[in-house]
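Each chain, written out:
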Amino acid sequence: MILAVSLMGCGSKAKNTLELGTYISQNGGNQSYPMTISLFEDDTYQFNLVMGSYFTGTYTVEDDQLVLSMDNNASKLMDDVIKELTFTVDFETGEITSMQEIPDYMSVGMVFKQ
């Protein structure tokens, strides 16, 4: 009985893990050059807004939220606009959905998927 509970606990933890890689915007924005969020193994990310405009930093995943904290801004946006961005994570579909707006770029509810 204890073994079965332990195995179930391990399986559910792996199920709620966000996959590394690049997530591409699915709705809105310029679809010929879609926005992307790349998550790396060292808990860093790169968010590409448009060609040559991006920002980088670290990310955390807690419960069903992905939080991007900006360290380096190579975009024309003010740092306070992108200092911290939050997304909801749907572990079943692999989608992340914006909870905040970046004016002229990303609206609330924009979906990113691998």
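Before reading on, note that the structure itself is shown above.
Residues numbered from 1 in each chain as written. Predicted model: local features only at pLDDT ≥ 70, side-chain atom pairs only at ≥ 80, totals over all residues. Heavy atoms only, no water.

Visitor: Quick question: what am I supposed to make of the environment of Asp64 here?
Guide: Here Asp64 is to be found in the loop between strand S4 (53-62) and strand S5 (65-74). With a relative accessible area of 40%, Asp64 lands in the partly exposed category. Residues Asp64 and Thr17, spaced 47 residues apart in sequence, show a C-alpha to C-alpha distance of 9.7 Å. When near neighbours in sequence (up to four residues on either side) are disregarded, Asp64 contacts Phe87, Thr88, Val89 and Phe91. (Helix = DSSP H or I, 4+ residues; strand = E, 2+ residues; numbered from the N terminus. Buried < 20%, exposed > 50% of the residue type's maximum accessible area, 1.4 Å probe, protein only. Contact = heavy atoms within 4.5 Å.)

Visitor: Even after reading the chapter, I still don't get unusual backbone geometry, so can you show me in this structure?
Guide: Glycine aside, residues mostly have negative phi angles, and peptide bonds mostly take the trans form. One non-glycine residue, Asp43, adopts positive backbone phi at about 65 degrees. By the secondary structure assignment, Asp43 is in the loop between strand S2 (36-39) and strand S3 (44-50). Even without glycine at this site, Asp104 takes up a positive phi of about 75 degrees.

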